[in-house]
Amino acid sequence: MIPVNAAARANVHLIDHPLVQHKLTLMRKKEASTNSFRTLLNELSSLMAYEVCRDMTLQEVDIETPLETMKSKMIDGKKLVFVSILRAGNGILDGVLSVVPGARVGHIGLYRDPVSLQAVEYYFKMPKNMEERDIVVVDPMLATGNSAAAAVTRLKACNPKSIKFLCLLTCPEGINALYAAHPDVPVFTAAIDRELNDHGYILPGLGDAGDRIFGTQ
Ligand code: URA
């Protein structure tokens, strides 16, 4: 078991709302069906989106109520991009988009080269004008941190206004690795589990998130 580096830990927003924790516990159970795992992930993702969006800037717009005109606040959802790390990241999209329906969506696909062990990109599709946008990268598990760090490196080349990382679960190894590569990227998570095992799985964790979302076990 390795400790979380103190500076890296300070960069992590642990979302400890009771509803989030309750749903995460139900998802961890090995007997949760594919259907209930996916439903819970949708619900949890929308709850976590509230926290990730807490510092979004608002603009005042003129509106008419049935009684008067007034200035009222709105966010510009179109400036936000959720970037899914394929394939498990797609499981988070429906939930976050239910809360920010105007957001754009990007996808990035990476695989680990068996010889070099480096992350290799096989898919990258983003909306236009990334330099005007705030990015939230989504992936249920921040495990080794390798694909997260590679995705963020690639996205930084698009010059976005900001990048955040949203996951369900992480572990000391993942937090430390992402922080070492990108100390400017805050992590939002519902739990920091004990450790990674030798196969790159988080313990106690919830198993293979992609398999559980898509029923491919
Ligand atoms: N990816 C998963 O799906 N599960 C883990 O525990 C780690 C990485």
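Residues numbered from 1 in each chain as written. Predicted model: local features only at pLDDT ≥ 70, side-chain atom pairs only at ≥ 80, totals over all residues. Heavy atoms only, no water.

A. Here's a closer look at the packing of aromatic side chains. What the rule picks out here adds up to one aromatic pair. Here the aromatic rings of Y111 and Y122 are separated by 6.4 Å at their centres, their planes lie at 35 degrees, and the arrangement is tilted. Here the residue Y111 occupies a position in strand β5 (residues 104-112), and Y122 occupies one in strand β6 (residues 119-125), the gap between them amounting to 11 residues. The cationic tip of R154 hangs over the ring face of F124; the distance from NZ or CZ to the ring centre is 3.7 Å. (Phe/Tyr/Trp six-rings, centres within 6.5 Å; stacked < 30°, edge-to-face > 60°. Helix = DSSP H or I, 4+ residues; strand = E, 2+ residues; numbered from the N terminus. Lys NZ or Arg CZ within 6 Å of the ring centre and 35° of its normal.)

B. Layout of the sheet that holds strand β10 (residues 169-170). The sheet built from three strands is open, its strands ordered β8-β10-β12 with parallel pairing. Each of the sheet's edge strands pairs with one partner strand only, and the pair in question is β8 (141-142) and β12 (191-192). Where β8 and β10 come together, two bridges link them in parallel fashion. When the bridges of β10 are listed, L142 appears paired with T170. (Pairing = 2+ DSSP bridges.)

C. The sheet that holds strand β4 (residues 80-85), seen in detail. Spatial ordering of the open sheet is given by β1-β11-β9-β7-β4-β5-β6, a layout of seven strands whose pairing is mixed. Two strands in the sheet have a free side with no partner beyond their single neighbour: β1 (12-14) and β6. For this sheet, the mean inter-axis angle between neighbouring strands, taken without regard to orientation, is 25 degrees. Examined bridge by bridge, β4 and strand β7 (residues 134-138) share five bridges and lie parallel to one another. Directly across from V83, in β7, lies its bridge partner V137. Against the sheet, helix α3 (residues 34-52) touches β7, β9 (162-166) and β11 (187-189), its axis set at about 145 degrees to β11. (Axes fitted to C-alpha atoms, helices over the stretch in contact; angles between N-to-C directions. Contact = heavy atoms within 4.5 Å.)

D. Highlighting empty space enclosed by the protein. This structure, assessed with the given rule, holds one cavity of 30 Å³ or more. Taken as a whole, the largest cavity spans an internal volume of roughly 30 Å³. Lining the largest cavity are A8, N11, V12, I175, L178, Y179, V185 and V187. (1 Å grid on protein atoms, 1.4 Å probe; cavity = no way out; pocket = protein on both sides within 12 Å on 5 of 7 lines; lining within 4 Å. Points joined across faces, edges and corners; volume = space filled by probe spheres on them.)

E. Quick peek at helix α5 (residues 146-156). Along α5, the positions that sit buried rather than exposed are A148, A149, A151, V152 and L155. Looking down the long axis of α5, one finds its buried residues gathered within 160 degrees of arc, a one-sided arrangement. (Buried < 20%, exposed > 50% of the residue type's maximum accessible area, 1.4 Å probe, protein only. Arc of directions from axis to C-beta.)

That is the geometry; function is a separate question.
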